[in-house]
Amino acid sequence: MQRNPYIEGVTFRFAFSSLINILLLLLFLFIFQLTTLFLNAQTDSFYLLKPDRVFDGEQMHENWIVLIKGNKIEAAGSMNFKLPSNTRIIELKGTTLLPGLIEGHSHFFLHPYNEVSWNDQVLKESRAERTARAVNHAKATLMAGFTTVRDLGTEGAMYDDAGLKRAIEKGVIPGPRMIVATRAIVAKGTYAPRSENADIDLPQGAEEVAGLDELSKTVRSQMSKGADVIKVYADYRYGPNEETRPAFTEKEWNIIMTIAKNGGRKVVAHAMAPEAMKMAAMAGVSTIEHGDEGTDEVFKLMKEKGVAFCATLAAGDAILQYKGWKKGVDPEPADIIEKKKSFQLALRNGVTICMGGDVGVYTHGDNAREMELMVEYGMKPLDVLRSATSVNADVFGYADKIGRLKKGLWADVIAVENDPSREIKAIRATRFIMKDGKIYLDSKQP
Ligand SMILES: [Zn+2]
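Every value quoted in this text rests on a predicted model; they were computed, and no experiment measured them.

## Some words on the overall build of the protein chain
Then step 1. Helix and strand counts for the protein chain stand at 12 helices and 19 strands.
Then step 2. Taking the principal axes of its C-alpha atoms as reference, the protein chain extends roughly 110 × 60 × 45 Å.
Then step 3. Put simply, the protein chain has 446 residues, and 50% of those count as buried.
Then step 4. Accessible area of the protein chain: about 21,300 Å², with a carbon and sulfur share of 54%.
Then step 5. Between the mean site of the 57 positive side-chain charges and the mean site of the 57 negative ones, the protein chain shows a separation of 7 Å.

This is the structure:
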């Protein structure tokens, strides 16, 4: 076969240029790798927080510092190491650093009842107005140092809490992380607002169900529309001025628990009286809310079943003052005496105590009110700090994300003046607030 010098030349040139191309490509990849490394080091912001002391969610530590990388906690402790060159050092002299606080029981779609009654909020305020208010409430809560809320029901505003949560996640508005319940579940005819006219069915503050079919449909639809947790009104009054009675049967509880468990959701029970508290605890709910009439027997059962108690002390305290009680001047009303007794019974029985005040009944951003009352009713300030951080995170199922200052958790960190483990009211004096690595407050020493 005759050799073709032309073709040979082309082949050679082609082989040569391929080699050059491969070398160029390798060089390019090398430079790209270096640049990416460099850029990563530049864009991952490091913050070193230097307070007087650190509450890590469990204990108070002196001489600790906390290093933040991006939106995660990189390290917390008494560290001695070389800092990344692009670390911004934030001096927080005179402060205590804590994990972002967790409100265990809020209602962003309610505002204080002394402004507008609950009934009128549910019946007369437009959904747009309620959402506009909720936007303000979310901001006020974050700026009080509460970087997460468990919002337990929109009280008639449908699934708007799920929408609000998404808006916060997208960065449309500032606000805390939200664990939402959406509409919550009540047994038909037990909730409010009530109509005196049997021919008129008023819109309700929660989703009414009757029968096992409706119940299972409702649990499923609430989960599909964004409920992170299923809230059930375990007892209520069947008529005005009646006693509180259980709303659901044991069979109904089983349905709720089974479906919620399949969906990976915890169940929360509103319960005031011992009978429903017992039923909810036996069913295996994660927390019982309110529990005003809780007895020794009930709290023993809750302890045994690992059910946490969210006492909402501040709601009762606020409502009685709206009704005219002058705290510190008038004698304590019977309801307050009863509430103190049940809270102390829970403490004595070693029940896990969550921090949740039912905020919305009183002003959003005034969340510390519950923490102060927990101390007033007999809890140690350090235990209250634990409740509002690591305990709430554990009980709500978010321990791998929030509630402690340790490596790998989300960078939700606050600093307050002085030492709230000595005087709980110090928790109100926020000086630094960071959520998800973003700084929302960094004020200088007063
Ligand atoms: Zn509530």
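What follows picks up the thread again.
## Some remarks on the side chain of Thr 147
Then step 1. For Thr 147, the location among the structural elements is in strand β7 (residues 146-151).
Then step 2. The residues contacting Thr 147, other than those within four sequence positions of it, are Gly 100, Leu 101, Leu 142, Pro 176, Arg 177, Asp 412, Met 434 and Lys 435.

## Looking at the state of the cysteines
Then step 1. Taken as a whole, this structure holds 0 disulfides when the rule is applied.
Then step 2. Take Cys 310: it sits in no disulfide, and the sulfur closest to it among the cysteines is that of Cys 354, at 5.5 Å.
Then step 3. Overall, Cys 310 belongs to the buried group, its relative accessible area being 0%.

## Quick notes on the pattern of salt bridges
Then step 1. For the structure shown, the criterion picks out 32 salt bridges.
Then step 2. Note that Asp 412 and Arg 177 form a salt bridge whose closest N and O atoms lie 2.7 Å from each other. You can see Asp 412 sitting in the loop between α12 (381-396) and β17 (413-417) and its partner Arg 177 sitting in strand β8 (residues 177-180), a full 235 residues away along the chain. Grouping residues by exposure puts Asp 412 and Arg 177 together as buried.
Then step 3. With a shortest N-O distance of 3.4 Å, Arg 422 and Asp 419 are connected by a salt bridge.

## Notes on the sheet that holds β8
Then step 1. Pairing is parallel across the open sheet formed by 3 strands, whose spatial order is β6-β7-β8. The open sheet has two edge strands, β6 (101-106) and β8, and neither has a second partner. If you compare each strand with its neighbour and ignore which way they point, the axes differ by 20° on average.
Then step 2. With 4 bridges connecting them, β7 and β8 associate as parallel partners. Paired with Thr 148 across the bridge in β8 is Arg 177.
Then step 3. Here helix α4 (residues 160-169) sits on the sheet and contacts β7 and β8; the angle it forms with β8, its principal contact strand, is near 160°.

## Some words on the environment of Asp 199
Then step 1. Among the secondary structure elements, Asp 199 is positioned in the loop between β9 (185-187) and β10 (207-209).
Then step 2. On the basis of relative accessibility, which here comes to 71%, the residue Asp 199 falls in the exposed class.
Then step 3. Asp 199 sits 96 residues away from Thr 295 along the chain, and the two C-alpha atoms are 39 Å apart.

## Section: the pairing of strand β11 (residues 229-233)
Then step 1. Counting buried residues along β11, 5 of its 5 residues qualify, which places the element largely inside the surrounding structure.
Then step 2. Side chains Val 229, Lys 231 and Tyr 233 project from β11 onto one buried face, and the interleaved Ile 230 and Val 232 project onto a second face that is buried too.
Then step 3. Sheet analysis places β11 next to strand β14 (residues 266-271), joined by 5 bridges and oriented parallel. Among the inter-strand pairings, Ile 230 is bridged to a residue of β14, identified as Val 267.

## Regarding empty space enclosed by the protein
Then step 1. The full count for this structure, using the stated rule, is 1 cavity of 30 Å³ or more.
Then step 2. Approximately 50 Å³ is the volume found for the largest cavity.
Then step 3. Taken together, Pro 99, Gly 100, Thr 147, Thr 148, Lys 401, Ile 402, Gly 403, Arg 404, Leu 409, Trp 410 and Asp 412 make up the lining of the largest cavity.
Then step 4. Here the residues of the lining of the largest cavity sort into 4 nonpolar, 4 polar and 3 charged.

## Notes on the layout of surface pockets
Then step 1. Considering only enclosed or pocket space, the largest pocket measures out at about 1,200 Å³ in volume.
Then step 2. Surrounding the largest pocket, 37 residues form its lining, Tyr 113, Tyr 236, Arg 237, Met 272 and Ile 319 being those nearest its centre.
Then step 3. When contributions to the lining of the largest pocket are tallied by element, the ones reaching two or more residues are α2 (118-124), β11, β12 (235-237), α9 (313-322) and α10 (334-348).
Then step 4. Its residues assigned to classes, the lining of the largest pocket comprises 14 nonpolar, 9 polar and 14 charged.
Then step 5. Empty space within the second largest pocket amounts to approximately 380 Å³.

What counts, and at which threshold
- Sequence order as written defines the numbering, with residues in each chain counted from 1.
- Selection of residues for local features in this predicted model requires a pLDDT of at least 70, selection of side-chain atom pairs for listing and counting requires 80 or more, and totals for whole chains, interfaces and linings are taken over all residues.
- Heavy atoms throughout the structure, all of them, feed into the side-chain values; hydrogens and water do not.
- Only DSSP runs of H or I reaching four residues or more are called helices, and only runs of E reaching two or more are called strands; each is numbered from the N terminus.
- The cut-offs for exposure are 20% and 50% of the maximum accessible area for each residue type, with area from a 1.4 Å probe on protein chains only; residues under the lower value are buried, those over the upper are exposed, and the others partly exposed.
- Here the open area of atoms and residues is found with the Shrake-Rupley method and a 1.4 Å probe, where only the protein chains shown may cover a residue.
- For the charge count, each Lys or Arg is scored as positive and each Asp or Glu as negative, with His and the chain ends excluded.
- To locate a charge, take atom NZ for lysine, CZ for arginine, CG for aspartate or CD for glutamate.
- The contact criterion used throughout is that any non-hydrogen atoms of two residues lie within 4.5 Å.
- A pair of cysteine sulfur atoms is labelled a disulfide when the two atoms are within 2.5 Å.
- We define a salt bridge as a side-chain nitrogen of Lys or Arg found within 4 Å of a carboxyl oxygen belonging to Asp or Glu.
- Note: two strands are recorded as paired if DSSP finds a minimum of 2 bridges between them.
- Fitting a line to C-alpha atoms yields each axis, with helices limited to the stretch in contact; the angle taken between N-to-C directions then spans 0 to 180 degrees.
- In this analysis a 1.4 Å probe is tested at points of a 1 Å grid over the protein atoms alone, and where it fits but cannot get out there is a cavity; an open set with protein on both sides within 12 Å along at least five of seven lines is a pocket; lining residues have an atom within 4 Å of a point.
- Grid points are joined across faces, edges and corners, and a volume is the space filled by probe spheres set on the points.
- Note on residue classes: Ala, Val, Leu, Ile, Met, Phe, Trp, Tyr, Cys and Pro are nonpolar, Asp, Glu, Lys and Arg are charged, and everything else, Gly too, is polar.

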